[in-house]
Amino acid sequence: MYSFKELNKSELTDILVDNSFSAFRSDQIFNWVYNNLVIEPDLMKNLPGGLLKFLTDNFLMENLNLIKIKASNDGTTKFLWELTDGERVETVLIPQSKEEKYTACLSVQVGCDLGCSFCATGMDGCKRNLTAAEIVDQVWQISKYIAENNLGELRNVVFMGMGEPFLNYDNLKKSLEIINSEGAFQIGSRRITVSTVGIVPKIREFGRDFDQVGLAVSIHSGDNEKRSKLMPVNKKYDLNAIKASLKDYYKLTSRRITIEYLMIADFNDSIYDAKKLVEWIEDMNVFVNLIPANPVAGLDHKPSPKQRINKFKNYLDKVNVPVQIRTSMGEDVTAACGQLRLKEEEANA
Ligand code: SAH
Ligand code: SF4
């Protein structure tokens, strides 16, 4: 059995040709699956009977089984999926301020091994990587949900759900190729953003592979000692190494990099911390997103008070670092950043 959604068009063409079907059929099938969101071979009207049977017999068309949808008061919707081996992951659909436009926040691993001190996903470790098909299917299922409910348009895709994208690089790459393929979903590269903690060698590779896809880096402190306390991965890839790789990335892509900075009360939210961040940022073309840390049951950090976040932002404004405060959404259904967790979902499902 092939998983359809991990094949790019040329791989599908090869399989078809090897089995004596015409190469151009792959265009038609891709069009059905990724433009019309039709996966039942029987409904693919322009394909010959022999090919319909071949598709039915040899391809797994879906990789995610919907277990639960939770809608938040603010319009954010959390989808819990079961994978074919029984593992579970989540995708979050977030409405944009402009009506009828949405962002899908994708997961890339079942859990995460990096154990950042503020993050629910990291609490149970990483069970396994998602396959490219499981990543692509999140976009497919969400697109279908939006279409069926007449909600509008999927505008943006962000890799900011469960797991570290650059520790599942091959499947990330494959999924981006498929999501980006001509005619698929109509989501351009420029509307896709991948968030990483800064896996240095992969930052360069990503710049070479995808110079149009956005990159966000979770920094959270401009001070190595503090950052290591928050993110153990900083001991392997520290701020200096990340900065060097981001400079190379910028040479390759000329794309402004998003810096994510979690605001944690009385830990990284003082003017001293703002100064450290500005020092680190110096001579890079970046945009800073300040994110109030969401509370996580079992972890003891607290979000910075609004006033402190504003003060921090004002400091960045004063020294001309582009910055915005990102409002959190989906908190009431624990769909907000860093609140996606396996265990709890299994217990509640
Ligand atoms: N592993 C990648 C991508 C997934 S996490 C990364 O860490 O970048 C996506 C974003 O959610 C990251 O910026 C992460 O720092 C943030 N996040 C994690 N826990 C959070 C919390 N408790 N409150 C707010 N944001 C959080
Ligand atoms: Fe993993 Fe990202 Fe959570 Fe850190 S913040 S534990 S890297 S998912």
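**Student:** An account of the site of ligand 2 is requested, with residue identities and associated values reported.
**Tutor:** The full set of residues close to ligand 2 is Cys112, Leu114, Gly115, Cys116, Phe118, Cys119, Gly122, Gly163 and Val197. Here the residues of the shell around ligand 2 are counted per class, giving 6 nonpolar, 3 polar and no charged.

**Student:** Lay out the side chain of serine 181 with the relevant residues and their values.
**Tutor:** Checked against the element boundaries, serine 181 lands in the loop between helix H5 (169-179) and strand E10 (192-196). The buried category is assigned to serine 181, whose relative accessible area is 16%.

**Student:** Kindly report on the packing of helix H8 (residues 239-253) against helix H9 (residues 271-281), identifying the contributing residues and their values.
**Tutor:** Two elements in contact, H8 and H9, have axes separated by 11 Å at closest approach and are oriented at 40°. Considered as vectors, H8 and H9 are oriented oblique to each other. Every residue of H9 that contacts H8 at Leu239, Ile242, Lys243 and Leu246 is listed here: Glu279, Trp280 and Ile281. Across the contact of H8 with H9, the residue classes tally to 5 nonpolar, no polar and 2 charged.

**Student:** Quick one: what's the story with the site of ligand 1, residue by residue and with numbers?
**Tutor:** Around ligand 1 there are 19 residues in total, and Phe118, Ser195, Ser218, His220 and Asn294 lie nearest to it. Phenylalanine 118 places a polar main-chain atom, nitrogen or oxygen, 2.9 Å from a nitrogen atom of ligand 1. Here an oxygen atom of ligand 1 and a side-chain polar atom of histidine 220 are 2.7 Å apart. For ligand 1, whose free accessible area comes to 530 Å², the fraction covered by protein is 96%. Of all the elements in the fold, those that place two or more residues in the shell around ligand 1 are E10 and strand E12 (257-263).

**Student:** Outline the side chain of glutamate 164, listing residues and values.
**Tutor:** In this fold, glutamate 164 is placed in the loop between strand E9 (153-159) and H5. Leave out the neighbours within four places in its chain, and glutamate 164 touches Val108, Gln109, Cys112, Leu114, Ser195, Thr196, Val197 and Ile199.

**Student:** Explain H9 to me, and be specific about the residues and the numbers.
**Tutor:** All of the buried residues along H9 are Asp273, Ala274, Leu277, Val278, Trp280 and Ile281. With its buried residues spanning 160° around the axis, H9 presents them on a single face. On the buried face of H9, the contacting elements are helix H7 (224-230), H8, E12, strand E13 (286-292) and helix H10 (306-318). Capping the start of H9, serine 270 holds a side-chain oxygen 3.3 Å from the backbone nitrogen of tyrosine 272, two or three residues further along. One or two steps after H9, the chain reaches aspartate 283, where phi turns positive at roughly 60°.

**Student:** Residue-level account of the sheet that holds strand E6 (residues 101-105), with values.
**Tutor:** The 10 strands are arranged E3-E4-E5-E6-E9-E10-E11-E12-E13-E14 in an open sheet whose pairing can be described as mixed. In this open sheet, the two edge strands, each paired with only one partner strand, are strand E3 (65-71) and strand E14 (323-325). When strand polarity is set aside, the average angle formed by the axes of neighbouring strands in this sheet is 25°. Looking at chain direction, E12 and E13 are connected through 7 bridges and run parallel. Looking across to E13, one finds that leucine 262 is bridged to isoleucine 291. Across the sheet, H8 is in contact with strand E11 (214-218) and E12; its angle to E11 comes to roughly 170°.

The rules behind the values
- Residues numbered from 1 in each chain as written.
- Chains lettered and ligands numbered in written order.
- Predicted model: local features only at pLDDT ≥ 70, side-chain atom pairs only at ≥ 80, totals over all residues.
- Heavy atoms only, no water.
- Near = heavy atom within 4 Å.
- Nonpolar A, V, L, I, M, F, W, Y, C, P; charged D, E, K, R; others polar.
- Helix = DSSP H or I, 4+ residues; strand = E, 2+ residues; numbered from the N terminus.
- Buried < 20%, exposed > 50% of the residue type's maximum accessible area, 1.4 Å probe, protein only.
- Axes fitted to C-alpha atoms, helices over the stretch in contact; angles between N-to-C directions.
- Parallel < 35°, antiparallel > 145°, perpendicular 65-115°, else oblique.
- Contact = heavy atoms within 4.5 Å.
- Polar contact = N/O pair within 3.5 Å; in protein donor to acceptor, adjacent residues only side chain to side chain.
- Areas by Shrake-Rupley, 256 points an atom, 1.4 Å probe, with all protein chains shown as cover.
- Arc of directions from axis to C-beta.
- Pairing = 2+ DSSP bridges.

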